[in-house]
Amino acid sequence: ARLGEASPHPQMRDAVAAVAAHLAPRLGGYAAPPPTGDLVPPLGRSPADAARLVAAAQQLCAAPALRAIPALRAPASLCQPPPPQPLPVAELRSLALAVEAIATLPDSLPAGAALPYLPTAFTVVLRVTHAVATSPPVADPPGAAAAAALREACLISVATLRRRCAAPADADERLEEASSGLAVAKATLRTSAAASALEVLQATPVASRGLMLRAVLALVEGLPLGGGATAVHTGVAAAAREMVASETQGEAHAALLAFLAAIKEQPDLLHFYLTELLPDVAASFKTGCDRLGAIKLLLLACTLSSAEAAPALFSLTLPLLIHGMSVAADGPSSKVDAELSAVAHAALTALASRSADAFRASVANFSTETRSRMEVAIREEQAKKQRAVAASPGAAVTAAKPKIALKMDFGSFSAKA
């Protein structure tokens with residue numbers, strides 16, 4: 001650990017970090033209790049030796065982070081929001097190995113044994129994530145690739161630690177954790193880690209929040225509403241709204257698309273975030289820099305929501321779809337506007353097929369201007385398709401009235417964004 005932290009040679013530090021990343025997921029076997037019947041436990045197998053072994057291994061895993069982020073050495077500084085922390089390019093590879101190692105180390109241990117090491121792991125991973133999020137972009141290709149690898153390693157490590165705090169899938173294991181008190185301890189740690197992550201997110205400048213928002217959303221993904229968790233979710237939604245209203249709107253839309261798709265089986269949490277976020281997404285549509293992302297987010301919400309919520313969501317989404325459709329009176333369309341218009345046309349027909357009653361109710365409340373634009377856009381789109389058919393060799397042209405027939409899988413937007 002001392003060599004990995006103090007060596008002046010980047011290659012040596014990278015080598016030590018690689019050794020730590022190799023050992024971390026395999027340490028559990030060495031730290032496990034000895035088999036019943038061993039009269040003299042071998043070195044590293046008694047409880048005291050196991051604790052010393054894991055503590056030393058965690059220090060080894062954290063060495064690159066301690067070198068790059070000196071504030072991690074001072075516990076008092078961790079109570080304050082972190083300042084922007086530019087990272088030297090030479091440290092990026094060892095940091096990616098470090099966050100991977102420090103997250104997989106507790107993952108190699110039994111649930112009860114891992115719990116004491118999770119707070120430190122969360123702290124290191126979140127501080128490194130904040131540091132890379134606030135570092136200036138790296139210009140040279142090797143450095144840029146190393147920075148991208150570190151960003152991805154941070155997100156993977158947050159997800160690994162979150163899973164370590166989750167309830168087990170097996171019913172018998174859940175009952176055992178509940179009776180032993182481990183379930184309560186894990187839930188408390190999960191909420192505390194999410195609250196700490198929110199503090200780091202709030203301390204990150206809005207222009208640099210993209211990575212931190214993705215990390216925090218990955219962390220709160222399995223955090224049920226209730227108690228202190230509700231305040232955390234409220235804070236995360238507020239931070240996301242600030243991004244939606246800023247120049248980082250595109251990053252916010254992409255992160256939220258993935259998040260909403262991930263929590264689609266948690267109706268209470270899904271409803272909470274839809275209610276908190278969609279009005280702001282819709283309000284920023286006309287003047288925003290990522291109108292296509294906003295439409296995709298609203299369409300995913302319409303797809304995932306319950307039948308009871310459909311009328312309200314359609315009333316919010318359909319007028320924006322109409323506004324996103326290009327008409328000849330607007331003049332020549334840019335490539336982005338043409339893509340937005342194509343998505344809007346396909347989405348309009350798909351939503352009509354999904355819930356005809358909600359669709360009709362929303363259209364009935366359109367303003368005269370919106371209704372007129374919709375009719376013109378549909379007529380022009382139909383005429384364009386007929387011209388394309390007529391231009392095809394040997395094609396037979398038949399007049400057809402505009403009709404709703406297209407379908408689209410909006411759930412795929414989360415994978416494409």
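Residues numbered from 1 in each chain as written. Predicted model: local features only at pLDDT ≥ 70, side-chain atom pairs only at ≥ 80, totals over all residues. Heavy atoms only, no water.

**Points about the overall build of the protein chain**
Across its full length, the protein chain holds 20 helices and zero strands. For the protein chain, buried positions account for 45% of its 417 residues. Restricting to contacts in the protein chain with at least 6 residues of sequence separation, those with at least 24 account for 72%. Accessible surface, the protein chain: about 20,200 Å² in total, of which carbon and sulfur atoms supply 60%. (Helix = DSSP H or I, 4+ residues; strand = E, 2+ residues; numbered from the N terminus. Buried < 20%, exposed > 50% of the residue type's maximum accessible area, 1.4 Å probe, protein only. Contact = heavy atoms within 4.5 Å. Areas by Shrake-Rupley, 256 points an atom, 1.4 Å probe, with all protein chains shown as cover.)

**Concerning the nonpolar core**
Judged by nonpolar contacts, the single largest core of 123 residues is most densely connected at Leu150 and Tyr273. It is helix α7 (residues 118-134) that provides the largest number of residues to this core, a total of 10 residues. Excluding its chain neighbours within four sequence positions, the residues that come into contact with Tyr273 are Val220, His233, Val236, Ala237, Phe259, Leu260, Ile263 and Leu278. (Core = buried A, V, L, I, M, F, W, Y, C linked by side-chain atoms within 4.5 Å.)

**Some details on the packing of aromatic side chains**
Per the counting criterion, the structure on display carries two aromatic pairs. Aromatic pair Phe259 and Tyr273: ring centres 4.8 Å apart, planes at 80°, arrangement edge-to-face. Residue Phe259 is located in helix α13 (residues 249-262), and its partner Tyr273 is located in helix α14 (residues 267-283); the two are separated by 14 residues in the primary sequence. Residues Phe259 and Tyr273 agree in their burial class; the two are buried. Where Phe272 meets Tyr273, the ring centres are 5.2 Å apart and the plane angle is 85°; that geometry is what we call edge-to-face. Neither residue differs from the other here; Phe272 and Tyr273 are each classed as buried. Ring-pair connections join several aromatic residues into one group, and the members of that group are Phe259, Phe272 and Tyr273. (Phe/Tyr/Trp six-rings, centres within 6.5 Å; stacked < 30°, edge-to-face > 60°.)

**Digging into helix α18 (residues 356-364)**
Of the positions making up α18, those classed as buried are Ala358, Phe359, Ser362 and Val363. End-on view of α18: buried residues confined to an arc of 130°, all on one side of the axis. The exposed residues of α18 that point more than 90 degrees off its buried face are Asp357, Arg360 and Ala364. Taken together, the buried residues of α18 touch α16 (310-324), α17 (335-354) and α19 (368-391). (Arc of directions from axis to C-beta.)

**As for the confidence of the model for the protein chain**
In the predicted model, the protein chain carries a mean pLDDT of 83, and the fraction of residues at 70 or more is 85%. By mean pLDDT, helix α20 (residues 413-416) is the weakest element of the protein chain at 49, and α13 is the strongest at 94. A low-confidence stretch, residues 405-413 stays under pLDDT 50, and its non-local contacts, those more than four residues away or across chains, total 21 contacts. (pLDDT = per-residue confidence, 0-100.)

**A short note on α19**
A rise of 1.5 Å per residue sets the reference length of α19, with its 24 residues, at 34 Å; its end C-alpha atoms lie 35 Å apart and thus fit the reference within 8%. Along α19, the positions that sit buried rather than exposed are Thr370, Met374, Ala377, Glu381 and Gln382. Buried residues along α19 sit against α16, α17 and α18. (Expected span 1.5 Å × (residues − 1).)

**Points about the environment of Ala338**
Here Ala338 is to be found in helix α17. Taking the C-alpha atoms as reference points, Ala338 and Met325, separated by 13 residues in sequence, lie 8.2 Å from one another.

**Thoughts on the packing of α7 against helix α11 (residues 210-220)**
Relative orientation of the contacting elements α7 and α11 amounts to 155°, with a least axis distance of 8 Å. Considering their axes alone, α7 and α11 lie roughly antiparallel with respect to each other. The residues of α11 that touch α7, namely those facing Phe122, Leu126, Thr129, His130, Val132 and Ala133, are Leu211, Met212, Ala215 and Leu219. For the contact of α7 with α11, the per-class residue count stands at eight nonpolar, two polar and no charged. (Axes fitted to C-alpha atoms, helices over the stretch in contact; angles between N-to-C directions. Parallel < 35°, antiparallel > 145°, perpendicular 65-115°, else oblique. Nonpolar A, V, L, I, M, F, W, Y, C, P; charged D, E, K, R; others polar.)

**A few points about a negative patch on the surface**
Together, Asp170, Asp172, Glu173 and Glu176 give the surface a local cluster of negative charge. Along the polypeptide, Asp172 turns up in helix α9 (residues 171-180). (Patch = residues over 30% accessible without salt bridge, like charges linked within 9 Å, V, L, I, M, F, W, Y side chains within 5 Å. Salt bridge = Lys/Arg side-chain N within 4 Å of Asp/Glu carboxyl O. Lys, Arg positive; Asp, Glu negative; His and termini not counted. Charge placed at Lys NZ, Arg CZ, Asp CG, Glu CD.)

**Things to note about the side chain of Thr248**
Locating Thr248 in the fold gives a position in the loop between α12 (228-244) and α13. What makes Thr248 buried here is its relative accessible area of 7%.

**Things to note about the pattern of salt bridges**
Counted under the stated rule, the structure contains 13 salt bridges. Each of the salt bridges in this network shares a partner with another, and the network as a whole consists of Arg13, Arg67 and Glu91.

**As for the environment of Arg26**
In this fold, Arg26 is placed in the loop between α2 (10-23) and α3 (28-31). Looking at Arg26, the relative accessible area reads 46%, which means it is partly exposed. Between the C-alpha atoms of Arg26 and Thr104, which are 78 residues apart in sequence, the distance is 8.9 Å.

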